[in-house]
Amino acid sequence: MRYAARSDVGRVRSKNDDSAYVGRHLAVVADGMGGHAGGDVASAATVLDMIHLDRDDYDTAAGEADTVLADEIQTANSLLSELVHMNPKLAGMGTTVTALLLAGGKLHFAHIGDSRAYRLRNGVFEQVSVDHTFVQRLIDEGRLRPEEAETHPHKNVLMRVLGDVDASPELDLDILDVQAGERWLLCSDGLNYVAGHVVERTIRETKSLRECAETLVDLTLEAGSPDNVTVVVLDIAEQTGDDVNTAAVEVVLPRAVSATVQPPAETTDAGKPSGKPATGAAAGASAAAETDAAGSTYAASMPGSKDTTGDGVKDGDAGKAADEPSPATDPNLGEHLSAEVLREELSSRPHELVGAAASAAESGSIPSIAGRTVARRAATVLTHKADPAREETDEIKPPVKRRRWLTISIAAAIAIVLGLGLWLGYAWTQTRYYIGEHNQHVAIFNGVSQQLGPIPLSTLETVTDIKMSDLPEFSQQRVRQTVPARDLYDAQRIVKNLERTGLTSPADECLTPSPGPSPTGTVSPTGSASPSGQATASPSGSAAAPAPSGSARPTPTPNCEGSK
């Protein structure tokens, strides 16, 4: 990519909530929202979290570039939620994101919100992105005409953004073919105050990328610019061995040496005034924090790459919104380290960083890690690189290891208890027996007549010669429903009873067979006859005659041979 970028606070707003980054392989525009406290923080945190994607060593065979852009935007969304958790004053902040990643000969496109992406290719100028706004939905549904959208009272209502309102927001994603010579424009919605045909004519007719970016911003300012405006203009070109020298801006160097770096020839007009009185630079600005008063920034931390116009409010306030103390007078360790790591990351490649992100990077107030207690975490968040040597000395590692071993021990103990319980339960079932049916015969089974999932809890012990058809219907039904037995001896006794009587009499119902029929009369020691006529016998052996109604009838009793 060949590129140029510019961001301006506009003529109404007091601070710049826009951020943008563009390099040889990545271009990102973010428009923050959330009032005084959070808009600049949201856009700066998102852009700074994505700059490490600006590289060309993706594993195209494994499809790494196909998902890395979307994954990183979702990571940035989680980062915003974390910032709100750390500082509740930022609740409700959010940001749009429109990004391009050039990798493997393709352009990977990701978009959410109402920032826009335009493409000029083969003479055709078109808007690639779709606004995620309420009025755009009305237009899509045919309830509103496009020309009515600009005057609609809810034209700025967004339906989808990054922020703390949705854990996994829906992104518009696409993989586009790319041609050398095509031109792209990424911009915040502040450019909407310039007529569409004017924007198209500027993109078509202005060959210089720097001039094109400046012209678009100047046109917005002339139109009143009630909102921040940010534009990134880039051309797709064939890669050469001199890409660093032909890039739009010089490499951004760390603060310690930035004061001695002169801007490249292509950016000597970066400090050209935009037509408004310059007032902000006189208020004690130093080489360590050179951003224009209006918020129009070029390649942060480079002398000569600033536009001192506007009303005297610096974009450095964007980073201060996340941390009350001024980083210039009382920076904490996390901010210090993260700023140095970020500058080292930026110095490794040609790029241009503008807007709230540039102010945060220059001032040292990195919103993505402000307030964190572990300083090394800054490097991990910003560069997605972990230093193995520092990993071992991280103050939070030992508790994590102890918790891991404790978790493993508890899980192992639970598994052992469950295994022992299952084994004891199965062992108990193998001490039980029951009578059931097997191949139309009565059989004895060892275990219980149930299953543990696919595992049966019984095995066939013995198949008898008793056919089910030889048993009474009632006994057949009982056997099919299984007859439990206390042990093998009890089961054999029930089978013996089935064989002799056709009944399944439990062991405690078996009685010793009587030697003969038992009369219904009872024996009385007094020898007197009862009024009912029952026969009684005296001890002397005299017997009373039985009453006419009395009779001697045999009483059937179960005969359990096995009970003797």
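Preceding block: the structure.
Predicted model, so just to flag it, every value in this text is computed and none were measured.

Conventions and cut-offs
Residues numbered from 1 in each chain as written. Predicted model: local features only at pLDDT ≥ 70, side-chain atom pairs only at ≥ 80, totals over all residues. Heavy atoms only, no water. Patch = residues over 30% accessible without salt bridge, like charges linked within 9 Å, V, L, I, M, F, W, Y side chains within 5 Å. Areas by Shrake-Rupley, 256 points an atom, 1.4 Å probe, with all protein chains shown as cover. Salt bridge = Lys/Arg side-chain N within 4 Å of Asp/Glu carboxyl O. Helix = DSSP H or I, 4+ residues; strand = E, 2+ residues; numbered from the N terminus. Buried < 20%, exposed > 50% of the residue type's maximum accessible area, 1.4 Å probe, protein only. Pairing = 2+ DSSP bridges. Core = buried A, V, L, I, M, F, W, Y, C linked by side-chain atoms within 4.5 Å. Contact = heavy atoms within 4.5 Å. Expected span 1.5 Å × (residues − 1). Axes fitted to C-alpha atoms, helices over the stretch in contact; angles between N-to-C directions. Phe/Tyr/Trp six-rings, centres within 6.5 Å; stacked < 30°, edge-to-face > 60°. Lys NZ or Arg CZ within 6 Å of the ring centre and 35° of its normal.

(A) The arrangement of a nonpolar patch on the surface in detail. Taken together, the side chains of Leu406, Ile410, Ile414 and Leu418 make up a nonpolar region of the molecular surface, amounting to roughly 400 Å² of accessible area. With respect to the secondary-structure elements, isoleucine 410 resides in helix α14 (residues 397-429). Given a relative accessible area of 45%, isoleucine 410 falls into the partly exposed group.

(B) A look at the pairing of strand β7 (residues 116-121). Of all the six residues making up β7, six are buried; the element is thus mostly covered by neighbouring parts of the structure. Burial along β7 is two-sided: the face carrying Arg116, Tyr118 and Leu120 and the face carrying Ala117, Arg119 and Arg121 are both buried. Looking at chain direction, β7 and strand β11 (residues 183-187) are connected through five bridges and run antiparallel. Looking at the pairing, arginine 116 lines up with cysteine 187 of β11. Here four bridges tie β7 to strand β8 (residues 124-127), and the two strands are oriented antiparallel to one another.

(C) Molecular detail of the pattern of salt bridges. Evaluated as defined, the whole model comprises 20 salt bridges. With a shortest N-O distance of 2.9 Å, arginine 143 and glutamate 141 are connected by a salt bridge. Close ionic contact of arginine 183 with aspartate 235 constitutes a salt bridge, the shortest N to O distance being 2.8 Å. With arginine 183 in strand β11 and aspartate 235 in strand β12 (residues 229-235), this pair connects stretches of sequence that are 52 residues apart. Across this residue pair, the class does not change: arginine 183 and aspartate 235 are buried. Sharing partners across several salt bridges, the network here consists of Arg6, Asp8 and Asp218.

(D) Examining helix α11 (residues 356-363) more closely. Here α11 lies mainly inside the structure; eight of its eight residues are buried. Regarding α11, the residues found buried are Ala356, Ala357, Ala358, Ser359, Ala360, Ala361, Glu362 and Ser363. Taken from the residues just after α11, glycine 364 is the one with a positive phi, measuring 90 degrees.

(E) Spatial organisation of the environment of glutamate 214. Here glutamate 214 shows up in helix α6 (residues 209-222). Residue classification places glutamate 214 among the buried positions, given a relative accessible area of 3%. As a C-alpha pair, glutamate 214 and alanine 4 span 210 residues in sequence and 9.0 Å in three-dimensional space.

(F) Spatial organisation of the pairing of strand β15 (residues 441-452). Inspection of the sheet shows strand β14 (residues 433-438) paired to β15 by six bridges, in the antiparallel sense. Note that in β15 the partner of histidine 438 across the bridge is histidine 441. Between β14 and β15, which pair antiparallel in sequence order, lie two residues; one of them, asparagine 439, sits at a positive phi of approximately 55 degrees. Here β15 runs beside strand β16 (residues 455-467); their pairing, made up of eight bridges, is antiparallel. Opposite alanine 443, over in β16, you have valine 463 as the bridge partner. Hairpin connection between β15 and β16: a loop of two residues separates the two successive antiparallel strands, and glycine 453 in this loop has a positive phi of roughly 65 degrees.

(G) Broad picture of the nonpolar core. Formed by 40 residues in total, the largest nonpolar core has its most connected members in Met50, Leu69, Ile73, Met93, Val97 and Leu353. For this core, the secondary structure elements donating two or more residues are β3 (26-33), α1 (35-50), α2 (64-86), β5 (97-103), β6 (106-112), α10 (333-347) and α11. Broken down by element, the residue count for this core peaks at eight residues, all from α2. When neighbours within four sequence positions are excluded, leucine 69 is seen to be in contact with Leu26, Met50, Leu53, Ala99, Leu101, His108, Phe109 and Ala110. Counting 20 residues, the second-largest nonpolar core is a separate cluster that includes Ala4, Phe125, Leu185 and Leu216.

(H) How the structure looks around α6. Its 14 residues place the ends of α6 20 Å apart at the C-alpha level, agreeing with the 20 Å of an ideal helix rising 1.5 Å per residue. For α6, the complete set of buried residues consists of Leu209, Arg210, Cys212, Ala213, Glu214, Leu216, Val217, Thr220 and Leu221. In the core, the buried residues of α6 are packed alongside β1 (2-8), β11, α5 (196-205), β12 and β13 (351-355).

(I) Structural context of the sheet that holds β15. A sheet is described by the order of its strands in space; here four strands give the open sequence β16-β15-β14-β17, paired in antiparallel fashion. If you trace the sheet from one side to the other, it starts and ends with β16 and β17 (483-485), each paired once. Strand-to-strand twist across the sheet, computed as the mean angle between neighbouring axes with direction ignored, equals 35 degrees.

(J) Structural view of the packing of aromatic side chains. This model, assessed by the stated rule, comprises two aromatic pairs. Taken together, a centroid distance of 5.0 Å and an interplanar angle of 10 degrees make the contact between tyrosine 434 and phenylalanine 445 stacked. Residue tyrosine 434 is found in strand β14, and its partner phenylalanine 445 is found in strand β15; the two are separated by eleven residues along the sequence. Here tyrosine 434 falls in the buried class, since its relative accessible area comes to 9%. Take phenylalanine 445: its relative accessible area is 12%, and that puts it in the buried class. For the cation-ring pair, arginine 55 lies above tyrosine 58, with the distance from its terminal atom to the ring centre recorded as 4.1 Å.

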